[in-house]
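# Examining the three-dimensional arrangement
Residue strings, one per chain:
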Amino acid sequence: MLVDSHCHLDFPDFEEELPDVVARASAAGIARLVTICTWVSKFPQVLAVAEKFDPVYCSVGTHPHNAHEELDVKADKLLELSSHPKVVAIGEAGLDYFYRQDHAKEQAQGLRTHIAAARESGLPLVIHSRDADDDMAAILREETGKGAFPFVLHCFSSGRKLAETGVELGGYVSFSGILTFKRSEELRQIAATLPANRLLVETDAPYLAPQLWRGKRNEPSYVTHTAKVLGECQGVDEERIGSITTENFFRLFSKVPPPAGTQMSA
């Protein structure tokens with residue numbers, strides 16, 4: 001059993017065949033999928049996907065690219081929306097300086113709002129961090145000092161220092177298809193040294209298909225390939241890495257019910 005802890009099933013890329021995409025994931029042993037919100041204003045569409053398919057759950061939040069347009073969304077609004085049984089996480093929120101930094105202040109403001117909601121709700125914060133390692137580490141340290149909150153550094157492609165800071169502060173690190181790319185040796189070295197009990201896998205579909213399908217649309221069933229490579233990094237087989245990442249997922253995303261008959265380790 002595996003879990004795709006981060007995908008975007010509400011995106012137009014899946015519109016024509018979403019039932020088939022979910023069915024292929026189930027056939028591949030993907031027991032749960034979390035479809036991630038990037039605009040609170042579009043949350044109803046995200047929730048509709050989660051409500052339509054039993055294995056699918058969702059988050060609520062604003063992607064850093066959109067933060068400057070949703071600064072009116074306060075923590076109490078996120079908390080209100082997160083009360084729905086299918087909403088199991090806050091975010092994705094964070095910092096992304098890859099294309100531009102002119103909204104860095106707004107991104108940080110939005111991130112802190114989401115942190116407040118995660119701290120209050122106990123739901124994990126899905127963190128997007130790209131080309132912003134130092135600022136992200138500083139905010140995480142500062143905000144954790146105000147009170148711990150659960151979080152995952154999603155689609156991790158940053159440096160070792162941020163990964164270690166995240167783990168030190170109680171967070172998890174999730175790897176996407178980037179881990180499988182030929183030029184990702186440094187990332188695989190980071191994955192090899194992180195504690196097994198803090199690892200997750202995801203697709204970030206429709207983006208970042210693993211090496212076998214690189215350049216094509218990604219989908220949740222492909223998370224099996226990322227898990228295989230993560231297992232190789234950790235020196236364990238596919239079955240073991242599946243157990244590790246799945247148990248980690250249900251520990252972090254504690255609002256998600258495991259499939260009937262599933263036994264998790266203590």
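Structure: above.
Quick caveat: nothing in here was measured; it's all calculated off a predicted structure.

Quick look at the packing of aromatic side chains now. A full pass over the atoms with the stated rule returns seven aromatic pairs. Their ring planes at 85° and their centres at 4.8 Å tell us that Phe-98 and Tyr-99 sit as a pair that is edge-to-face. Phe-98 gets classed as partly exposed once you look at its relative accessible area, which sits at 40%. On the basis of relative accessibility, which here comes to 62%, the residue Tyr-99 falls in the exposed class. Here the aromatic rings of Phe-156 and Phe-175 are separated by 6.2 Å at their centres, their planes lie at 75°, and the arrangement is edge-to-face.

Let us look at the layout of surface pockets. Of the volumes computed, that of the largest pocket is approximately 660 Å³. Lining the largest pocket are 28 residues, with His-63, His-65, His-128, Asp-204 and Tyr-207 sitting closest to its centre. A total of three residues in the lining of the largest pocket trace back to one element, the largest contributor, which is strand E5 (residues 125-130). Partitioning the lining of the largest pocket into residue classes produces nine nonpolar, eleven polar and eight charged.

Moving on, we come to empty space enclosed by the protein. Going through the model one piece at a time under the given rule, you end up with one cavity of 30 Å³ or more. Estimates place the volume of the largest cavity at around 80 Å³. Along the walls of the largest cavity sit 13 residues, with Ala-67, Glu-70, Leu-71, Gly-110 and His-114 positioned nearest its centre. Broken down by element, the lining of the largest cavity gets its largest block of residues, six residues, from helix H4 (residues 104-121).

So, on to the sheet that holds strand E8 (residues 199-201). Ordered in space as E1-E2-E3-E4-E5-E6-E7-E8, the eight strands form an open sheet in which the pairing is parallel. Edge positions in the sheet fall to strand E1 (2-7) and E8, since each has one partner strand and no second. If you compare each strand with its neighbour and ignore which way they point, the axes differ by 30° on average. Strand direction decides the pairing type here: strand E7 (residues 172-175) and E8, joined by three bridges, are parallel. Residue Phe-175 lies in a different strand from E8, and its bridge partner there is Val-201. Sheet strands touched by helix H6 (residues 160-168): E5, strand E6 (151-153) and E7. Its angle to E6, the strand with the most contacts, is close to 165°.

On to the pattern of salt bridges, then. Close approach of charged atoms allows side chains with opposite charge to pair. Within the structure shown, the criterion is met by twelve salt bridges. For Arg-112, the salt bridge identified is with Glu-143, shortest N-O distance 2.8 Å. Placement of Arg-112 in helix H4 and of Glu-143 in helix H5 (residues 133-146) is noted, with a sequence separation of 31 residues between them. Overall, Arg-112 belongs to the partly exposed group, its relative accessible area being 27%.

Rules and cut-offs
- Sequence order as written defines residue numbering, which begins from 1 separately in each chain.
- Local features in a predicted model are, by the rule used here, given only for residues with pLDDT of at least 70; side-chain atom pairs are given and counted only at 80 or more, and totals for whole chains, interfaces and linings are based on all residues.
- Working from all heavy atoms in the structure, the side-chain values ignore hydrogens and water.
- Classification of ring pairs rests on two measures: the distance between centres of Phe, Tyr or Trp rings, Trp counted by its six-membered ring, which must be within 6.5 Å, and the angle between planes, read as stacked under 30 degrees, edge-to-face over 60 and tilted in between.
- Any residue under 20% of the maximum accessible area for its type is buried, any over 50% is exposed, and the rest in between are partly exposed; the area is computed with a 1.4 Å probe on protein chains only.
- Cavity: a set of points on a 1 Å grid over the protein atoms alone where a 1.4 Å probe fits but cannot get out. Pocket: an open set with protein on both sides within 12 Å along at least five of seven lines, its lining residues, like those of a cavity, having an atom within 4 Å of a point.
- Grid points are joined across faces, edges and corners, and a volume is the space filled by probe spheres set on the points.
- In this text, helices come from DSSP runs of H or I with a minimum length of four residues, and strands from runs of E with a minimum of two, each type numbered from the N-terminal end.
- We call Asp, Glu, Lys and Arg charged. Ala, Val, Leu, Ile, Met, Phe, Trp, Tyr, Cys and Pro are nonpolar, and the rest, Gly among them, are polar.
- Any two strands with at least two DSSP-identified bridges between them are counted as paired.
- Between the N-to-C directions of two axes lies an angle of 0 to 180 degrees, each axis being a line fitted to C-alpha atoms and, for a helix, fitted only over the stretch in contact.
- Pairs of residues are marked as contacts when any of their non-hydrogen atoms sit within 4.5 Å.
- Definition used for salt bridges: Asp or Glu carboxyl oxygen within 4 Å of a side-chain nitrogen of Lys or Arg.

Purely geometric stuff here, so don't read any function into it on its own.
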